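Each chain is listed here by its residues.
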Amino acid sequence: MISGQKPLYGTVRMASMKNAALPIIFATVLVADRCVIKDLPDVSDINLSLEILTYMGAVCERNGRETIIDTSGIRPDCDIPLDLVNKMRASYYLVGAMLGRYCHAHVGYPGGCDFGTRPIDQHLKGFTALGATAGVKGGYIDADAPHGLYGAHIFFDVVSVGATVNAILAATCAEGLTVIERPSREPHIIALANFLNACGANIMGAGTDSIKIRGVKALHGTPDGEMIPDMIEAGTFMAAVAATGGKVKIENVIPKHVESITAKLIEMGATVEIDEDNETVTVERDPEKPLSRVMVKAVPYPGFPTDMQPQICALTCFAQGTSYVSEGVWDNRFRYVEELIRMGAHIMVEGKTAIIEGANPMRGTLVTAVDLRGGAAVVIAGLAAEGITVIDNIKLIQRGYDDIVGKLKNLGAEIRLVSFPD
Ligand code: EPZ
């Protein structure tokens, strides 16, 4: 429950990046040894992925900032309950990791946010190129390579984070050289490659247009699995400050990762400064000064992230003039728009573009988090709107934001968790 129109002031620290931590957690299956991972975010998707590994026979222990994951005792034929893997998208990284380790994988079809169709043809293409037979049947993804995996040239037809992760996982211990063309260039791909290299892999070029992997016989554990800061959490807080006005120092950010977001917020009238330590950004906006309209197109990294598209759309509801927010990654990532309309926003969605007539009065009401980032969008709208906003279904927000309520409260937001009888 949010009582809106309170400017945000103070300092807030970002957690590690969920979408970088997930591939690394599932990569430990391939490592088949004891790994220590630092600073995993406390969000439900991470806790669920540790639960899945524990079910498979791994030992997972969280000790303060460190999480120990020992996958040496994983059962190769373990049938993970569908209702565990169905709750998240990233569980399909188990296919690449299990195939890489055992030349065999049988994993329930994953779940995740509803953005229209979410095909996995590129994942299957990667596995097949490496010599496996792979397909989907009866609610499961199956991949088998009875004669082993062999390095190959993989050219992806679309830029896919998940397919790039799975190809890296399957190729790391394959025999010979694999070249992945048109991979995702997201920071989490670099984080995964760094982690696997620390475990003895030979992966070069992550973050560029071509990744080269020389297969190694086996990996070993690492005592020092480092995480990277969550650029989407940082972008969400940056947009929140731009929406409410105020001045907030955001710590544990890699400014380069949020460059595309910074550029749009500056266009809209906020100031964004990078501190000398290069790990802190300060966002400021005078609450009395209007925000300007903007045009945004969400595309793969290093462009404006699709995972910030709903939040920037919420922000444009408070800007003067007509803004255009286009989605260039997913078929349908505008389900949250209806929730903003309930609050008074004037938004039309035409194809993959939302056209926002900004600066219409926004007033709090009962809204729903339709998915993770759509939920973050209604939080931003609630923080800047007049009156009380009640957000339902916040478990979807808690999948990816570590203590969002506590962090916003510390910055002066009037926000609290409430429960209503069913
Ligand atoms: C990851 O999903 C993220 N999830 C998503 O973040 C993010 O929106 C997305 O990448 C794009 O950046 C995780 O990291 C867990 P994709 P992923 O494969 O890997 C098409 C969030 O809010 N495609 O890069 O599933 C696909 O339909 C979540 O934290 C194929 O056509 O996304 C889409 O149009 C939501 N065939 C595009 O590629 C395939 O085989 C990008 O999808 C695979 C994908």
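Numbers given for residues are sequential positions, taken from 1 along each chain in its written order. Residue-level local features of this predicted model are given only where pLDDT is at least 70; pairs of side-chain atoms are given and counted only at 80 or more, and the full residue set underlies all totals for whole chains, interfaces and linings. In computing side-chain properties, one takes all heavy atoms of the structure into account and sets aside hydrogens as well as water.

A. View of the packing of aromatic side chains. Each aromatic pair joins two rings of Phe, Tyr and Trp (for Trp, the six-membered one) with centres within 6.5 Å, and gets the label stacked for planes under 30 degrees apart, edge-to-face for over 60, and tilted for any other angle. Under the counting rule described, the total for this entry stands at 3 aromatic pairs. Ring geometry for Tyr92 versus Tyr93: centroids 5.6 Å apart, planes at 40 degrees, classification tilted. When accessible area is computed with a 1.4 Å probe and restricted to protein chains, residues below 20% of their type maximum are described as buried, those above 50% as exposed, and intermediate ones as partly exposed. Of the residues examined, Tyr93 reaches a relative accessible area of 7% and is grouped as buried.

B. Layout of the side chain of Glu327. Looking at the secondary structure, you find Glu327 in strand β19 (residues 322-327). In this structure, Glu327 is buried with no salt-bridge partner, the nearest side chain bearing the opposite charge being Arg333 at 5.2 Å. Here, two residues are considered to be in contact whenever any of their heavy atoms come within 4.5 Å of each other. Ignoring any residue separated from it by four or fewer positions in sequence, one finds Glu327 in contact with Ala298, Thr306, Gln309, Arg333, Phe334 and Lys352. Only DSSP runs of H or I covering at least 4 residues are called helices, and only runs of E covering at least 2 are called strands; the numbering of each starts at the N terminus. Positive charge is attributed to Lys and Arg, negative charge to Asp and Glu, and no charge count is given to His or to the chain ends. The term salt bridge refers to a side-chain nitrogen of Lys or Arg lying within 4 Å of a carboxyl oxygen of Asp or Glu.

C. Representation of helix α12 (residues 372-384). End to end, α12 covers 19 Å across 13 residues, agreeing with the expected 18 Å (1.5 Å per residue, within 8%). Measuring from the backbone nitrogen of Arg373 back to the side-chain oxygen at the start of α12 gives 3.4 Å, which picks out Asp371 as the cap. Helices are assigned an expected span. That span is 1.5 Å times one less than the residue count. The definition of a polar contact used here is a pair of N or O atoms within 3.5 Å, where within protein one atom must be able to donate a hydrogen and the other to accept one, and adjacent residues in sequence count solely through side-chain atom pairs.

D. The sheet that holds strand β12 (residues 210-214), seen in detail. For two strands to pair, DSSP has to find at least two bridges joining them. With mixed pairing, the 4 strands of this open sheet are ordered in space as β9-β10-β12-β11. Strand pairing shows two members of the sheet lacking a second neighbour, β9 (153-155) and β11 (203-204), which therefore form its edges. Here 3 bridges tie β9 to strand β10 (residues 177-181), and the two strands are oriented parallel to one another. Note that in β10 the partner of Ile154 across the bridge is Ile180. Running at roughly 20 degrees to β12, helix α6 (residues 161-171) makes contact with β9, β10, β11 and β12 of the sheet. Orientation is described by axes fitted as lines to C-alpha atoms, over the contacting stretch for helices, and by angles from 0 to 180 degrees between their N-to-C directions.

E. Up close: the site of the ligand. The local shell around the ligand holds 26 residues, among which Gln122, Ser160, Val161, Asp307 and Val329 are the closest. In the model, a nitrogen atom of the ligand is placed 2.8 Å from a nitrogen or oxygen of the Asp121 side chain. In this description, accessible areas are obtained by the Shrake-Rupley approach with a 1.4 Å probe, and a residue is regarded as covered only by the protein chains that are shown. For the ligand, the accessible surface in isolation is 820 Å², of which the surrounding protein chains cover 90%. Elements that contribute at least two residues to the shell around the ligand include exactly α1 (18-31), α5 (121-129), α6 and α12. By convention in these notes, a residue is near a molecule or strand provided one of its non-hydrogen atoms lies within 4 Å of it.

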